[in-house]
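One-letter residues, chain by chain:
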Amino acid sequence: MKCQVLLLSALCALTACSDNSPEVVNDKMVARAGSAYVTQGDVDHHLQRFDPAARMTIIDDKQQYRRLVESIALTRVMAQKQQASMTAEQMHDFDLAIQAYRDQMLAKSYIEENVQRQVPDRKAVEEYYQAHASEFGQRKQYAVTEIQVPDSCALSKPLLEPVLDKSRITELQKMGCKLSSSERKVTAEQVAEYYPALKDKLVADHAYWSNVAGISLLLSVTAITEVPARPLSEVTSEIRRRLAPEYLKQSLEQERVKLNKEIEFLD
């Protein structure tokens, strides 16, 4: 954290620390900070960090404005004192860190202003949509009837079969088992969540034995339907956002190949 603070301070103040006289170009000095100065340009730069309303509040309030100037000046004084305490080797490493940060920021600006961004065409969007339809709502939905089976009937012969058709439900009823039932619609994911014992794909018009929280259940599948994905028109923008990083990567690779012609290894 200390290094980060020093790096940011240096970016704002090291140039000013190098000379006791300010190098001013149409920039009014508003405060002295040790052997350097805070200029109106410094203050304007820091004001840009605030939203317009807060910026005007600071400008109109003399006390808040002075606190901002003081904050900039304190940072500059600390930067001077830290620089004075560093060895030449430490300062060299610090300068390298500043240069690396500066290069990164300039490179980011170069990318934003010069690299032609590729945009996914409709074919790419449609292919992604088809390959990831489940992420946009496409799923199987099961209409099921949960049948609670009394413990007295849980070990009866019809329940020993892993897959039970409706005839076995009728058989249980003839045996005098009092069954209570409820209907619900569940997705494949919910089947795995609610009925973890059911590992195989469910088949319509079949019933399956399960046990949930110690309760014996027959799960009768009455119908299976396919719920479609959301319309492509509704998710096109989302798909483009998902594809954007990969397309940016392709654009950067093209720029890398072009700029590599200007790189020469000297070893």
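For the structure, check the block above.
Right, let's walk through the structure included here. All values reported here derive from a predicted model rather than from experimental measurement.

For the rest of this paragraph, the subject is the side chain of Ser251. Structurally, Ser251 can be placed in helix 9 (residues 232–259). Relative accessible area serves as the criterion here: at 2%, Ser251 is assigned to the buried category.

Looking now at the nonpolar core. Core analysis: the largest hydrophobic core is formed by twelve residues, namely Ala124, Val125, Tyr128, Tyr129, Ala133, Phe136, Ala229, Leu232, Val235, Ile239, Leu243 and Tyr247. Counting only elements with at least two residues in this core, the list comes to helix 6 (122–131) and helix 9. Here the element with the most residues in this core is helix 9; it accounts for five residues. In this view, Tyr129 contacts Phe136, Ala229, Arg230, Pro231, Leu232, Val235 and Ile239; residues no more than four positions away in its chain are not counted.

All right, on to the pattern of salt bridges then. What the rule picks out here adds up to nine salt bridges. Notably, a salt bridge pairs Glu255 with Lys258, separated by 3.2 Å at the nearest N-O pair. Of the two residues, Glu255 and Lys258 both sit in helix 9, three residues apart, roughly one turn of that helix. Look at the salt bridges and you will find they share partners, linking Glu135, Arg230, Glu234, Glu238 and Arg242 into a network.

Structurally, Val77 is set in helix 4 (residues 62–85). Considering only alpha carbons, one finds Val77 and Ala33, 44 residues apart in sequence, at a separation of 5.6 Å.

A separate point is the pairing of strand 6 (residues 206–212). Looking at chain direction, strand 6 and strand 7 (residues 215–227) are connected through seven bridges and run antiparallel. Note that in strand 7 the partner of His206 across the bridge is Val221.

Across a regular strand the side chains alternate sides, sitting on one face of the sheet and then on the other. In terms of strand pairing, strand 3 (residues 139–149) meets strand 7 through eleven bridges, oriented antiparallel. When the bridges of strand 7 are listed, Gln148 appears paired with Leu217.

Okay, helix 4 next. Taking 1.5 Å of rise per residue, the 24 residues of helix 4 would be expected to cover 34 Å, and the 35 Å separating its terminal C-alpha atoms lies within 8% of that figure. All of the buried residues in helix 4 are Tyr65, Leu68, Val69, Ile72, Ala73, Arg76, Ala79 and Gln80. Capping of helix 4 at its N-terminal end is provided by Asp61; its side-chain oxygen lies 3.0 Å from the backbone amide nitrogen of Gln63.

Here we come to the side chain of Gln80. Among the secondary structure elements, Gln80 is positioned in helix 4. On the basis of relative accessibility, which here comes to 13%, the residue Gln80 falls in the buried class. Within the structure, the side chain of Gln80 is placed 2.5 Å from the backbone oxygen of Ala33, a separation counted as a polar contact. One polar contact links the side chain of Gln80 to the main-chain amide nitrogen of Ser35, over a distance of 2.9 Å.

Rules used in this analysis
- Residues numbered from 1 in each chain as written.
- Predicted model: local features only at pLDDT ≥ 70, side-chain atom pairs only at ≥ 80, totals over all residues.
- Heavy atoms only, no water.
- Helix = DSSP H or I, 4+ residues; strand = E, 2+ residues; numbered from the N terminus.
- Buried < 20%, exposed > 50% of the residue type's maximum accessible area, 1.4 Å probe, protein only.
- Core = buried A, V, L, I, M, F, W, Y, C linked by side-chain atoms within 4.5 Å.
- Contact = heavy atoms within 4.5 Å.
- Salt bridge = Lys/Arg side-chain N within 4 Å of Asp/Glu carboxyl O.
- Pairing = 2+ DSSP bridges.
- Expected span 1.5 Å × (residues − 1).
- Polar contact = N/O pair within 3.5 Å; in protein donor to acceptor, adjacent residues only side chain to side chain.

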